[in-house]
Amino acid sequence: MIPTVDLARSSRREVAAILSQCCTDVGFLYLTGHSVPRSLLDDVLAQSKRLFDLPPQRKAALSDPVLNRGFTRLGEETLDPANQTRGDTKEGYYIGDEVSGEGADAAKLRGPNVWPDPADLPEFRSVMERYKEEAGRICRELVRCFALAVSDDEFTFDRHFDPASSFLRLLHYSAEPSDVDAGVYGCGAHSDYGMITLLLTDDNPGLQVLKGGEWVDVHPREGAFVVNIGDMFERWTNGKFVSGRHRVVIPREGTRERYSAPFFFDPDFDAIVEVLESCCDDERPARFPPISSGQYLLDKYRATHADFDEHTEGRREVGG
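Values in this document were obtained by computation on a predicted structure and should not be read as measured data.

A separate point is the sheet that holds strand E13 (residues 258-266). A sheet is described by the order of its strands in space; here nine strands give the open sequence E1-E2-E11-E8-E13-E6-E5-E4-E3, paired in mixed fashion. Sheet topology places strand E1 (4-6) and strand E3 (63-64) at the edges, where each strand pairs with a single neighbour. Bridge count for E3 against strand E4 (residues 69-72) is two bridges, and the pairing is antiparallel. Residue Asp 64 lies in a different strand from E4, and its bridge partner there is Arg 69.

And the structure:
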């Protein structure tokens, strides 16, 4: 149902051909042959669990709502307000690109991360920074493959990712079973906002994607990432490639807490996302107006995060 791409055994053009097929349908795939050590994947999930095991007051202190970094409380995010009766049954932790000094700009969500006390989690920062580097490497390779899926130039998107904007988000889903009829979800139905999402997950089920009007389970696969494209790539391709809707439904049978770590790889905040010439013509005019990557993200955060608007003034003051 969900295709697999093996980076170690496929050329960029071969990967591009698979992407062209799956991304016009469901927008999801499994990725293997990525060369990220299994030990590092295990460390990310283990460190994430230790973080979320901290006492509530300690976690709450690890939050920077101005820069959208650090801890987000259980239920803070509502991704499908039309169908949810309360917030997602998950808590999260945002880790962005580490920026300090003159490069910091709160208005563009650029700045330092919030890190737990090394006395509590001595290995946390080094593990997450090492993983972000590996995930970024994979996503840059995928961007080149995506370029070949829509053009003859593998460098089509390079200038928009110089530099890229990336966020690693650690997620902890409570063991509370979802109740679709009552509007209770681990994570409400949504599409991702950016270019590429690289998902690391534990062995617990729950992820579902919308395919042909039906929700289909995406089962965890050991050592494999789940990859999906986001709204910005759909806009670049004029809707040819689908930013797939997905959700998390925690099953009642054998319910356990679930941990995952999506890595969001997006264009530079100031990059203009505009329909590619190769994806429109007189018969297929551009469906989407140009928009900056950063503005699109801010609009989406504002619509889904309960506390986001409360800190708008702080972003103006810090950002200049």
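Another aspect to go through is the packing of helix H2 (residues 38-52) against helix H4 (residues 124-150). Packed helices, taken two at a time, are described by the angle between their axes plus the distance between the axes. Put simply, H2 and H4 touch, their axes get as near as 10 Å, and they point 135 degrees apart. Viewed along their axes, H2 and H4 adopt a mutual orientation that is oblique. Where H2 crosses over H4, the two elements pack in a sense that is left-handed. Contacts from Leu 40, Leu 41, Asp 43, Val 44, Gln 47, Ser 48 and Leu 51 in H2 reach Phe 124, Val 127, Met 128, Arg 130, Tyr 131 and Glu 134 in H4. When its residues are assigned to classes, the contact of H2 with H4 shows eight nonpolar, two polar and three charged.

As a further point, take the pattern of salt bridges. Within this structure, the stated rule accounts for 23 salt bridges. With a closest N to O distance of 3.6 Å, Arg 284 and Asp 281 form a salt bridge. For Arg 284, a relative accessible area of 39% puts it in the partly exposed group. On the basis of relative accessible area, Asp 281 is assigned to the partly exposed category, the value being 38%.

A cis amide bond, omega 5 degrees, links Asp 162 with the succeeding residue Pro 163. Among the structural elements, Pro 163 can be located in the loop between H4 and strand E6 (165-173). Located in the positive-phi region is Asn 68, a residue other than glycine, with phi close to 60 degrees. Along the chain, the position of Asn 68 falls in the loop between E3 and E4. Unlike most non-glycine residues, Leu 109 shows phi in positive territory, near 60 degrees. Mapped onto the fold, Leu 109 is located in the loop between strand E5 (90-95) and H4.

Parameters at a glance
- Residues numbered from 1 in each chain as written.
- Predicted model: local features only at pLDDT ≥ 70, side-chain atom pairs only at ≥ 80, totals over all residues.
- Heavy atoms only, no water.
- Pairing = 2+ DSSP bridges.
- Helix = DSSP H or I, 4+ residues; strand = E, 2+ residues; numbered from the N terminus.
- Axes fitted to C-alpha atoms, helices over the stretch in contact; angles between N-to-C directions.
- Parallel < 35°, antiparallel > 145°, perpendicular 65-115°, else oblique.
- Left-handed = near helix turned anticlockwise from the far one by under 90°.
- Contact = heavy atoms within 4.5 Å.
- Nonpolar A, V, L, I, M, F, W, Y, C, P; charged D, E, K, R; others polar.
- Salt bridge = Lys/Arg side-chain N within 4 Å of Asp/Glu carboxyl O.
- Buried < 20%, exposed > 50% of the residue type's maximum accessible area, 1.4 Å probe, protein only.

Read these as geometric descriptors, not functional statements.
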